[in-house]
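The primary structure of each chain is shown beneath.
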Amino acid sequence: MSTVIASSEDVQHPGPQTQERGQRAVFCGLTSIIWLHRRIQDAFFLVVGSRTCAHLIQSAAGVMIFAEPRFATAILGERDLAGMADCHEELDRVVSELIARRSGINRLFLVGSCPSEVIKLDLETAAAKLQTKHENRVRISAFSGSGIETTFTQGEDECLKSTVAELPVLEASKQNLIVLGTVSDIVEDQFRRLFDDLGIKDVHFYPGRKAGDLPAVGKGTRVIAAQPFVGETARALIGRGAELISAPFPLGAEGSKAWFEAVAATYGVDAERTQQVLEMPYQRAKRAVSVHRSKLEGKRIHLLPDSQLEIPMARFLSEECGLGINEIGTPFHDQLVMRGELARLPKEVPIVEGQDLDPALSRVRASRPDLTVCGMGIANALESEGLRTKWSIELVFSPVQGFDQAGDLAGLFAKPLARQEILEVGSWS
Ligand code: SF4
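The structure presented is a predicted model; accordingly, all values stated were derived computationally and were not measured.

What counts and how
- Within each chain, residue numbers correspond to sequence positions counted from 1 in written order.
- Since the coordinates come from a predicted model, pLDDT governs what is reported: local features require at least 70, and pairs of side-chain atoms require 80 or more to be given and counted, while whole-chain, interface and lining totals use all residues.
- Derived side-chain values reflect all non-hydrogen atoms in the structure, with water molecules and hydrogen atoms excluded from consideration.
- Put simply, a residue is near a molecule or strand once any heavy atom of it comes within 4 Å of that molecule or strand.
- In this text, helices come from DSSP runs of H or I with a minimum length of four residues, and strands from runs of E with a minimum of two, each type numbered from the N-terminal end.
- Asp, Glu, Lys and Arg are counted as charged, while Ala, Val, Leu, Ile, Met, Phe, Trp, Tyr, Cys and Pro are counted as nonpolar; the rest, among them Gly, fall into the polar class.
- Here's how the labels work: a residue is buried when its accessible area is under 20% of the maximum for its type, exposed when over 50%, partly exposed in between, all with a 1.4 Å probe on protein chains only.
- The arc refers to the directions leading from the helix axis to the C-beta atoms.
- Contacts are residue-level and defined by heavy atoms, with any inter-residue pair within 4.5 Å sufficient.
- We define a polar contact as two N or O atoms separated by no more than 3.5 Å, with the added condition that, inside protein, one atom must be a possible hydrogen donor and the other a possible acceptor, whereas residues neighbouring each other in sequence contribute only through side-chain atom pairs.
- Two strands pair under a simple rule: DSSP has to find at least two bridges between them.
- Whenever a helix is involved, its axis is fitted only over the stretch in contact; in every case the axis is a line through C-alpha atoms, and angles between N-to-C directions fall within 0 to 180 degrees.

Caption draft 1: Structural view of the site of the ligand. Taken together, the residues surrounding the ligand are Cys 28, Leu 30, Cys 53, Leu 56, Ser 113, Cys 114, Pro 115, Ser 146 and Gly 147. For the shell around the ligand, the elements supplying multiple residues, two or more each, are helix H2 (51-61) and helix H5 (114-118). The residue inventory of the shell around the ligand, partitioned by class, reads six nonpolar, three polar and no charged.

Caption draft 2: The arrangement of helix H6 (residues 123-133) in detail. Taken together, the buried positions of H6 are Leu 123, Ala 126, Ala 127, Leu 130 and Gln 131. Down the axis of H6, the sector holding all buried residues measures 140°, keeping them to one side. Exposed and facing more than 90 degrees away from the buried side of H6 are Glu 124, Lys 129 and Thr 132. In the core, the buried residues of H6 are packed alongside strand S3 (43-49), helix H4 (87-101), strand S5 (107-112), H5 and strand S6 (139-144). Two or three places before Glu 124, at the start of H6, stands the capping residue Asp 122, its side-chain oxygen 3.2 Å from that residue's backbone nitrogen.

Caption draft 3: Layout of the sheet that holds strand S14 (residues 371-374). With respect to topology, six strands assemble into an open sheet ordered S2-S13-S12-S11-S14-S15, the strand pairing being parallel. The open sheet has two edge strands, strand S2 (18-21) and strand S15 (389-391), and neither has a second partner. The sheet shows a mean angle of 20° between the axes of neighbouring strands, direction not considered. Summarising the sheet, strand S11 (residues 300-303) and S14 pair through three bridges and their orientation is parallel. Among the inter-strand pairings, His 302 is bridged to a residue of S14, identified as Thr 372.

Below, the structure is given as C-alpha cells:
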C-alpha cells in the first residue's frame, strides 16, 4: 500500500553520494527546546541531565533565560549517577514542585539526555507513572534530545513523535490536513489565509500554539511537511493512516508555490483557481528576492551539516538567487521527506551525509567558497582565514517559510557579503 502521494516530477538527484563519519561539530537535540517552548505556549520542558546540558541550554537560549522560560534541567547528581538514589523518587519530587509552582502549564515533556540514557533511566515509564499522579492537572510525556541519539533539529522530531499516539482518531467520513513542523505564528497566519483562499478546510499546524491543539488523524488525513527534519513523525502519522504529500519545502517564491500547488492538487482544487490565489504573493516574493539577487548571483556557497535544512536552502539559493553550490552537507538524510527537494536539485551537486570535521573543513579551505553556511563553533575561525560565513542556527530561529519571508531569507545570505564590502573585512587576510 502506498502511503506517499507521489510528486509529478521525477526524482533527478539521487541523494547523498558520500557518507562521512568522524568528529562532528553539531548541537544535540536538546537545542530544539529553545524554539519548541516558544511555539507551544503552555508546555514545559524538563531536561533530565547534567550541568553540561543546563549550560548548553542556557548558552543556546541567550537572553531568553531572563524571561522565566518554560524549560529547566533536573540535574542528575553523583548519587543518582552512582545508582545510590532512586531517580524516580527524585523526579517525582521535582515534577510535583514544578507543577505546584507553575500554573498554566498544560503539557510537561521529560527530555532525555546523554547521562539519563547512559544510566538507563526510563523516562517513558516515569512519564506514564507521573501522568497517573497528575492526571487532572497536566499531560506528561517523554522524548530524547541526547547527543548520542539526536542532532539539533531531530529533537523536534522526537518531541512530536512522542505525542502521535495521543492524537484522536479522525472520523471515517472526514478529511483534514496536518502541516508538520514548527513554523512561527506569523507564518501560520499567512498559510491559513492562503489555505482558506484555496478552499482547503480543517487545516492543523502540528505543533500548534497550545499543547492541547492535537489534530485528529486517520484515513482522511493528509500530511505536508513544513520542515525537513520531521521524517520520523511523518512515519508515525503514516502508521496511523495518514498520507504524506510530497513537495519541496516552502522556502522562497518557487518552493512556496510548489508546496501550495502540491496540496491544492491533492485536494483537487481547480488549477486556474490555484494560480489566481498564488499569483500575487508569488510575484511579491519574486520581487523581494530579486532585491538581493545582485549580491548573490554567480557566487559559490558551501553548506556544512547542521539542521537538515541544507538541501532546501541550497535549492532555493541555486534556483532563485543564482548561486553555485560547492557541496551540501547534511547531518542526516531522510529520503521520504526530501523527495520533492531532490527533484529540483541539479544532479551533479555533491551531497555529503554525516560529518568528519577535519576533511570537511579541508574541502572548504581548498575551494574557498564565497560563503560557507556553518555552526557558530566554526564560523569565526573561517572568518579569520578570510572566508565569509553565515551562521546556520539563524535559519532555524528566524521565520523564513512562505512567500512573505522569501526576501528576508535571501537577505540572510546576502548580509555577510554586503558586510564584507562595507567593512572591507578580509582585505587583510
Ligand atoms: S544531552 Fe548530551 S550532548 Fe547534549 S548537552 Fe547533554 S551531555 Fe551534552
